[in-house]
Every structure is written in C-alpha cells, then in structure tokens.
Amino acid sequence: MKKDLLALRNLSVDEIMEILLEAEKIEEGKTYDLSNKIVASLFFETSTRTQYSFLTAMAKLKIKELNFNPVGSSLSKGESFYDTVKTFESLGVDAFVIRHSEDEYYKQLKNIKVPIINGGDGSKDHPTQSLLDLYTIYQEFKNFQGLKIAIVGDIKHSRVAHTNIEVMKRLGMEVKLSGPKEFWEEGYDFLALEEVLPKVDIVMLLRVQNERHQSLFKLSNAEYLEKYGLTMAKVNIMKKNAIIMHPAPFNRGVEIADDVVECPKSRIFKQMANGVFIRQAVLKRSLINE
Ligand code: CP
C-alpha cells in the first residue's frame, strides 16, 4: 500500500509517535541509504523552510531529487497541475513532495500511484510542519498529555494552526487560542493574550498572512504588536519553563518583537533544525515498504 502523508488526521496517534521516534533515532545518528530513489519536489507556492529542509533531508538520505521550478516550466504554456504531476510520475519518480495554494489539491491526484507528501495545501493542512512542532515539544517536555499551548494570531488563515489544533487535542494537550477577532474561527473560544500567557507551557505565534487576505483591519504594525503580539514584557509573565514557537517566516515587529525571536525561551530555529529529521523520517516512511 502506498504511504501518502496528506493530513495528520488520517494518521493514528501510534503512527504519529512512530514518525517522531524515527526522527529521534535519525537525530541520534541512524542513517538510511535511499540512493536508488528519485523524489520530485513540486512547490507551486513559495517556500524556504519546507522546500529546502526536504532537499536537505533528501541529500542526507542520498535520494536523487528533482527540484521543479514552476517559473520556466510548461505551466506557462497552459499545462495543468494534474498533467504536470502525471508527467513526473511517467518519468519514474518514486514519490512527490507537493505544496499548492489550493485546499486539498491532492484530491485531483487520485490517479497518481506513487506516494505524495503534502508540503502544505492552502489554509487547510501542513502535516510535516505539525510533526516538527510536535517533535520540538516532545524533546522539551517528553510527553504531550496535559500540556497547555496557546496558539496566537492569524488562526483563520493558518494551515499550521488547523493541523496542530486537531492533532494536539488528540494527543491530550489543552489548546487555547488568542488573537484579533478578524482571525477568529467559529466554534472556538478566543482569550486575551495576557490572560493565557501565565498559564501555558507553549506559546505558538502565527504570522499575519497578508497574502491570504486583504488587510482586514487598520492597525499599524506597532499597534498589532502591542495588542496581540509577543513583546519581552509579555515573555516575562510566561511560566519559567515555557517555550516560544513560530513556524516562520515571522514578521519581526508585528506578531513577535525583534528581541523575542532569539530569546532564551525561543525554540524557533530549533524547530527549523528539527524539520530536517522529521522530513527524513517521513521520506523513509513513504519510500521503504516494511
Ligand atoms: N514554516 C513554513 O512552512 O515555512 P516555508 O513557507 O518557508 O516553507
């Protein structure tokens, strides 16, 4: 059976833990030689971390990668998304990593017979980001049950938030949300940041995604930071052992103050480093039949 990774809600808690524990072994030095495999990396939407940490993971696994660039491809001649993916399958690739701006783009790819790893779809899901977030939390606290997290900011447009809220609740975490009402989603309670900060173990900030909406409110960057962002004054009311996370890219001086980005509580660059271990584990899962 082909092992896609499209959304974490399709995976059981045991399957998720298996990926995290595999990433841990890889971080401790376990290696795989997948030099007989070819993986096509198709990013139809911009990316730095996801795209290049997958490429780094492939290099470490000795996978041959085809790094597709939409600019300069036959998309400009009108070739469709499906036909582009089908073309790479015909070339003989063993798996795909795909990012696309459309929610659940993979529903168009039901005919594709090799595994697809979702590098992010619209505002819906970002499974490998969520896995690296979970891995970072697991490293810090060694379990999930009972941990309290505040996810703060542009929840409505964030695929990272949507994936994390579902899986973190399933893992026994208490998820609290905070942010301006323009970013609220139906069915969730939103709390003031100052109210949640002293109570949570993890503060996960989200980027204001101006590219996904016309500016919804008239706040200046400084006003957003003061009302909804994380400043050093607010860091100082967090629990002693609490950590700060952000999937990045971040808007310095908007959702996060410049001096918070690399403060002792920040795990933001640790998250990026962990992305390489997680993506090696995910590639290995899709490419080796066990
Ligand atoms: N966190 C994340 O998905 O970053 P990129 O958009 O740079 O891949």
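Please refer to the structure placed before this passage.
What you see is a predicted model; the values in this text were computed from it and never measured.

**Digging into the site of the ligand**
Taken together, the residues surrounding the ligand are Ser47, Thr48, Arg49, Thr50, Arg99, His126, Gln129, Pro247, Ala248 and Pro249. Between the ligand and His126 there is a distance of 2.8 Å, counted from an oxygen atom to a side-chain nitrogen or oxygen. One of the backbone nitrogen or oxygen atoms of Pro247 is found 2.9 Å away from a nitrogen atom of the ligand. About the coverage of the ligand: the protein hides 91% of its 250 Å² of free accessible area. Using a 2 Å cut-off from the grid points, one finds that the ligand occupies the largest pocket. Counted by class, the shell around the ligand contains three nonpolar, five polar and two charged residues.

**Here's the deal with the sheet that holds strand β3 (residues 95-100)**
Across the sheet, four strands lie side by side as β2-β1-β3-β4; this open sheet has parallel pairing. Strand pairing shows two members of the sheet lacking a second neighbour, β2 (64-68) and β4 (116-121), which therefore form its edges. For this sheet the average axis-to-axis angle between neighbouring strands, irrespective of direction, equals 15°. In this sheet, β2 lies alongside strand β1 (residues 38-43) in parallel orientation, the contact comprising five bridges. When the bridges of β2 are listed, Val39 appears paired with Glu65. Its contacts with the sheet place helix α2 (residues 49-60) against β1, β2, β3 and β4, and it is angled at close to 170° to β1. On the sheet, helix α3 (residues 81-91) packs against β1, β2 and β3 and is oriented at approximately 160° with respect to β3.

**Notes on the packing of helix α4 (residues 127-141) against helix α9 (residues 268-287)**
Two elements in contact, α4 and α9, have axes separated by 8 Å at closest approach and are oriented at 115°. Crossing hand, α4 versus α9: right-handed. Taking contact as the criterion, the partners of Thr128, Gln129, Leu131, Leu132, Asp133, Tyr135, Thr136 and Gln139 in α4 are, on α9, Lys270, Gln271, Asn274, Gly275, Phe277, Ile278, Arg279 and Val282. Classifying every residue of the contact of α4 with α9 gives six nonpolar, seven polar and three charged.

**Describing the side chain of Ser286**
Within the secondary structure, Ser286 sits in helix α9. For Ser286, the side chain forms a polar contact with the main-chain oxygen of Lys3, separated by 2.6 Å. Setting aside residues no more than four positions away along its own chain, Ser286 makes contact with Lys3, Pro115 and Ile117.

**Here we look at the packing of aromatic side chains**
Remark: the centre distance and the inter-plane angle together describe each pair of aromatic rings, the angle taken between the planes. The final tally for this structure, using the stated rule, is nine aromatic pairs. Ring geometry for Phe250 against Phe269: centres 6.2 Å apart, planes inclined by 85°, an arrangement best described as edge-to-face. A residue pair is termed long-range when its members are at least 10 positions apart, and Phe250 in the loop between β8 (243-245) and α9 and Phe269 in helix α9 qualify at 19 residues. Each residue in the set Phe44, Phe68, Phe81, Phe88, Tyr105 and Tyr106 is aromatic and connected to the rest through ring pairs, giving one cluster.

What counts and what doesn't
- Residues numbered from 1 in each chain as written.
- Predicted model: local features only at pLDDT ≥ 70, side-chain atom pairs only at ≥ 80, totals over all residues.
- Heavy atoms only, no water.
- Near = heavy atom within 4 Å.
- Polar contact = N/O pair within 3.5 Å; in protein donor to acceptor, adjacent residues only side chain to side chain.
- Areas by Shrake-Rupley, 256 points an atom, 1.4 Å probe, with all protein chains shown as cover.
- 1 Å grid on protein atoms, 1.4 Å probe; cavity = no way out; pocket = protein on both sides within 12 Å on 5 of 7 lines; lining within 4 Å.
- Sits in = over half its atoms within 2 Å of the grid points.
- Nonpolar A, V, L, I, M, F, W, Y, C, P; charged D, E, K, R; others polar.
- Pairing = 2+ DSSP bridges.
- Helix = DSSP H or I, 4+ residues; strand = E, 2+ residues; numbered from the N terminus.
- Axes fitted to C-alpha atoms, helices over the stretch in contact; angles between N-to-C directions.
- Contact = heavy atoms within 4.5 Å.
- Left-handed = near helix turned anticlockwise from the far one by under 90°.
- Phe/Tyr/Trp six-rings, centres within 6.5 Å; stacked < 30°, edge-to-face > 60°.

Everything listed here is a matter of geometry and, on its own, says nothing about what the molecule does.
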